[in-house]
Every structure is written in C-alpha cells, then in structure tokens.
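Topology and contacts: notes
Residues per chain, in single letters:
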Amino acid sequence: MPEDEPLISALAINVTIPEELRWTDTRRGQTFRLDTLNVRLLKSGRLAAKAYGRPVEGGRGAYVSFSVPELPELVALVEAAAARAATMWGAHRGLG
C-alpha cells in the first residue's frame, strides 16, 4: 500500500430487515425481534453480518447481536445492500 493511501480499519453499513424477513431469537431467556443487519466488508473482500434487535416484551432492553441465518433471502439482502452501499460510497460528494 502506498504511504499516502489512508488505512481503512472498517467499512460497515446498517440495513433495515424487511418486515417479511424479520425473525425472533432468544438469549438468556429473553426473546428478541431482529430488525437490523450490520454488514461489514472484511479485509479479505468477504462480507460479515450480524443481526440486531430489541426485546419483544419492549422496554429499554439492550440492543443485542445475533448470527444471521444462512437463508437465501437474507444472503440476497446482504449482498444487495453491499452493492448498493458501494454505489453510494462511489458517488459521495465530500463532507458537508
């Protein structure tokens, strides 16, 4: 890498999971509704994703991460979101 090239430590996007693809999962006896994906571009060029949600019971529960099931619809969502983000990053208009 050239000396004057910025060192990027992370590229990440947040993606809203469409209602029809949302699911629930349980952690420590509490059920969460997963509604957001955090997708990261790894140094290898591969993608990694975690799902985040809030307790179904409501309240001020923690925003907890879960693994994303390898369902074709969710894989397609992650890949489409990454492609859309690449287009948006490529078309940035600077700060401000």
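Above: the structure in question.
Below: a short report on this structure. (Residues numbered from 1 in each chain as written. Predicted model: local features only at pLDDT ≥ 70, side-chain atom pairs only at ≥ 80, totals over all residues. Heavy atoms only, no water.)

To continue, consider the packing of aromatic side chains. On inspection of all chains with the given rule, the structure shows 1 aromatic pair. When the ring of F32 is compared with that of F66, the centres are 5.5 Å apart and the planes differ by 55°; the resulting orientation is tilted. Residue F32 is located in strand β3 (residues 30–41), and its partner F66 is located in strand β5 (residues 64–67); the two are separated by 34 residues in the primary sequence. Considered together, F32 and F66 belong to a single accessibility category, that of buried residues. Note that R27 overlies the ring of F66, its terminal NZ or CZ placed 4.2 Å from the centroid. (Phe/Tyr/Trp six-rings, centres within 6.5 Å; stacked < 30°, edge-to-face > 60°. Helix = DSSP H or I, 4+ residues; strand = E, 2+ residues; numbered from the N terminus. Buried < 20%, exposed > 50% of the residue type's maximum accessible area, 1.4 Å probe, protein only. Lys NZ or Arg CZ within 6 Å of the ring centre and 35° of its normal.)

Okay, helix α1 (residues 72–90) next. Compared with the 27 Å implied by 1.5 Å per residue over 19 residues, the 27 Å span of α1 between its first and last C-alpha is a close match. Looking at α1, one finds that the buried residues are L74, L77, V78, A81 and A85. The buried residues of α1 occupy one face: seen down the axis, they fall within an arc of 95°. Away from its buried face by more than 90 degrees, α1 exposes P72 and G90. Those residues of α1 that are buried are in contact with β1 (11–16), β2 (23–27), β3 and β4 (47–55). (Expected span 1.5 Å × (residues − 1). Arc of directions from axis to C-beta. Contact = heavy atoms within 4.5 Å.)

Read these as layout, nothing more, since geometry by itself doesn't imply function.
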